[in-house]
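Topology and contacts: notes
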Amino acid sequence: TVASPSQFATAFTRGLPEDVVPAFWEWNTLNTKRERKTHLVRYVHMQGEGPTVVLLHPFGGNLLHWRSLYGPLREAKCNVFAVDLLGLGGSEAPQDMNYDVITWASQCSSFVEQVVVPQSSTGTCVLVGTSITSLVALQVAADDVENTDGIRRVEGMCLMNCADGLNGKAVASYDQTNIFVLKYAAPILFSTIDAILNFEPFAKAFFQTFQTKAVLSTFLKVAYVDDDRVDHDLVDLFQAPCRQPGALYAFISVFTGDPGPTPMSLVSRCDDDLPLDVIWGEDDLITPGGAVVGTFFKDLPSTRSNTTFTLIEGAGHCPWDEG
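Here is a short report on the structure shown in this document. Note that the coordinates shown come from a computational prediction; the quantities given were computed from them, not determined experimentally.

**Side note on the overall build of the protein chain**
Scanning the protein chain from terminus to terminus reveals twelve helices and eight strands. Scaling as 2.2 N^0.38, a compact globule of 323 residues should have a C-alpha radius of gyration of about 20 Å, and the protein chain matches this with 19 Å. Here the C-alpha coordinates of the protein chain stretch approximately 55 × 50 × 45 Å along the principal axes. Of all intrachain contacts in the protein chain linking residues separated by at least 6 positions in sequence, the fraction that spans at least 24 positions is 74%. On the protein chain, roughly 14,600 Å² of surface is accessible, and the fraction owed to carbon and sulfur atoms is 55%.

**Things to note about the packing of helix α7 (residues 200-210) against helix α10 (residues 247-256)**
Direction vectors running N to C along α7 and α10 enclose 100 degrees, while the axes themselves pass 11 Å from each other. Between α7 and α10, the angle falls in the class roughly perpendicular. Of the residues in α10, those in contact with Ala-203, Lys-204, Phe-206, Phe-207 and Phe-210 of α7 are Ala-247, Leu-248, Phe-251 and Ile-252. Split into classes, the residues belonging to the contact of α7 with α10 amount to eight nonpolar, no polar and one charged.

**As for the pairing of strand β1 (residues 23-30)**
Bridging between β1 and strand β2 (residues 36-46) involves eight bridges; their strand directions are antiparallel. Among the inter-strand pairings, Trp-27 is bridged to a residue of β2, identified as His-39. In this antiparallel pair of consecutive strands, β1 and β2, the connection spans five residues, and Arg-34 shows a positive phi of 65 degrees.

**Observations regarding the environment of Ser-305**
Here Ser-305 shows up in the loop between α12 (292-299) and β8 (307-312). Assessed through its relative accessible area of 43%, Ser-305 is described here as partly exposed. Separated by 229 residues in sequence, Ser-305 and Ala-76 place their C-alpha atoms 26 Å apart. Polar contacts involving the side chain of Ser-305 include one to the main-chain carbonyl oxygen of Asp-272, which spans 3.5 Å.

**A short note on the nonpolar core**
Ranked by size, the top nonpolar core spans 51 residues in total, and within it Trp-104, Phe-111, Leu-127, Met-157 and Phe-297 carry the most contacts. Aside from chain neighbours lying at most four places away, what touches Met-157 is Val-126, Leu-127, Ala-137, Leu-138, Ala-141, Cys-270, Leu-274, Pro-275, Leu-276 and Asp-277. With 32 residues, the next largest nonpolar core counts Leu-63, Cys-78, Leu-220 and Ala-240 among its residues.

**Remarks on the environment of Asn-306**
When you line up the elements, Asn-306 lands in the loop between α12 and β8. Given the relative accessible area of 44%, Asn-306 is considered partly exposed. On a C-alpha basis, the gap between Asn-306 and Gly-15 in space is 33 Å, while along the polypeptide they are 291 residues apart. Excluding residues that lie within four positions of it along the chain, Asn-306 makes contacts with Asp-273, Leu-274, Pro-275 and Leu-276.

**Side note on the state of the cysteines**
Across all of its chains, the model carries zero disulfides by this definition. Cys-125 takes part in no disulfide bond, and the closest cysteine sulfur, belonging to Cys-108, lies 9.9 Å away. Classification of Cys-125 by relative accessible area gives buried; the value is 0%. There is no disulfide at Cys-162, and the cysteine sulfur nearest it, in Cys-270, is 11 Å away. Exposure remark for Cys-162: the relative accessible area of 1% places this residue in the buried category.

**Concerning the packing of aromatic side chains**
Under the definition given, this model contains 16 aromatic pairs. With a centroid separation of 6.3 Å and 45 degrees between ring planes, the pair formed by Tyr-99 and Trp-104 is classed as tilted. Accessibility assignment for this pair places Tyr-99 and Trp-104 in one class, buried. Ring plane angle 40 degrees and centroid distance 5.7 Å describe the contact between Phe-210 and Phe-251, whose orientation is recorded as tilted.

**Observations concerning the side chain of Asp-84**
Along the chain, Asp-84 turns up in the loop between β4 (79-83) and α3 (101-116). Side chain to side chain, Asp-84 and Arg-42 meet in a polar contact 2.7 Å long. For Asp-84, the residues in contact, after removing those within four places along its chain, are Val-41, Arg-42, His-57, Asn-62, Leu-63, Gly-89, Gly-90, Ser-91 and Gln-107.

**A closer look at a nonpolar patch on the surface**
Taken together, Ile-196, Phe-199, Phe-202 and Phe-206 make up a surface patch of nonpolar side chains, about 380 Å² in accessible area. Judged by its relative accessible area of 37%, Ile-196 falls in the partly exposed class.

**Observations regarding the packing of α3 against helix α4 (residues 132-145)**
Between α3 and α4, the least distance of the axes is 9 Å, while the angle of their chain directions is 60 degrees. In this view, α3 runs oblique relative to α4, as classed from their interaxial angle. Crossing geometry of α3 relative to α4 is assigned as right-handed. Along its contact with α3, which presents Val-101, Ile-102, Trp-104, Ala-105, Cys-108 and Ser-109, the element α4 presents Ile-132, Leu-135, Val-136, Gln-139 and Val-140. Tallied by class, the residues present in the contact of α3 with α4 amount to nine nonpolar, two polar and no charged.

Parameters at a glance
- Residues numbered from 1 in each chain as written.
- Predicted model: local features only at pLDDT ≥ 70, side-chain atom pairs only at ≥ 80, totals over all residues.
- Heavy atoms only, no water.
- Helix = DSSP H or I, 4+ residues; strand = E, 2+ residues; numbered from the N terminus.
- Rg over C-alpha atoms; globule rule 2.2 N^0.38 Å.
- Contact = heavy atoms within 4.5 Å.
- Areas by Shrake-Rupley, 256 points an atom, 1.4 Å probe, with all protein chains shown as cover.
- Axes fitted to C-alpha atoms, helices over the stretch in contact; angles between N-to-C directions.
- Parallel < 35°, antiparallel > 145°, perpendicular 65-115°, else oblique.
- Nonpolar A, V, L, I, M, F, W, Y, C, P; charged D, E, K, R; others polar.
- Pairing = 2+ DSSP bridges.
- Buried < 20%, exposed > 50% of the residue type's maximum accessible area, 1.4 Å probe, protein only.
- Polar contact = N/O pair within 3.5 Å; in protein donor to acceptor, adjacent residues only side chain to side chain.
- Core = buried A, V, L, I, M, F, W, Y, C linked by side-chain atoms within 4.5 Å.
- Disulfide = S-S within 2.5 Å.
- Phe/Tyr/Trp six-rings, centres within 6.5 Å; stacked < 30°, edge-to-face > 60°.
- Patch = residues over 30% accessible without salt bridge, like charges linked within 9 Å, V, L, I, M, F, W, Y side chains within 5 Å.
- Salt bridge = Lys/Arg side-chain N within 4 Å of Asp/Glu carboxyl O.
- Left-handed = near helix turned anticlockwise from the far one by under 90°.

Structural data, given as structure tokens:
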């Protein structure tokens, strides 16, 4: 049985162009028990004659977070799709799923194949990801190469401020110089965090505190350089989905799960000639451009064809919304 779209999912549209309304796609997939289930996924489509672009929002956000891009993309006549990841925004948040890079990439691959490609003049699309969804986009592109049907559905990618991994556990794997941290301190620290977050009373209390406007505003001002961009609409688009059924489970799953593949390993699995544009907010405090992953992408154009790296001055973790 497929649930009907919630009133929240259909009505929570602030920031979308007036003529763009949410639609819902039924994704049929396997849950953690290997049972086949169908879940509603919210998306929007802004039709255009130009290149087909698929926007993948960051963790905690939703398709409304692309508020600054809808206008310019329409002016460029792009054929635009934006989708809410399962467990986030206006999509369902079932409590029998693992919320990780692999699950979301599987969702997005199916979305591209079943929804996007039939409405693309070229049968292909450009993926746009940011932070964690940069990893999702890379995973989709890597899987596209390995499709048994031999059909390429991804013709390019734009990655913004790519994350180290799904969660903080990924950071430890990059610190190859500090053996103590790598082998002893990090496992103890993250095992402790997992145990605390898996204790439901604490997790609920923590999540309720995290989703208050004051806390969200403080966090977003770390992600943004320009405090004026952290307005009521931005805080609300992060806060409102937190109150939906299943949101707590998705939050815990992300922070206690496996960090997933590294961006370096995913890039190596993509076609060498697949166009890749990397954008980085110069003042990003969450994924600093001078850290391991940022340095990797900064140096990548010197070793990989069809690759660019652009640093955006005066921007932080969300360069499309303030750059």
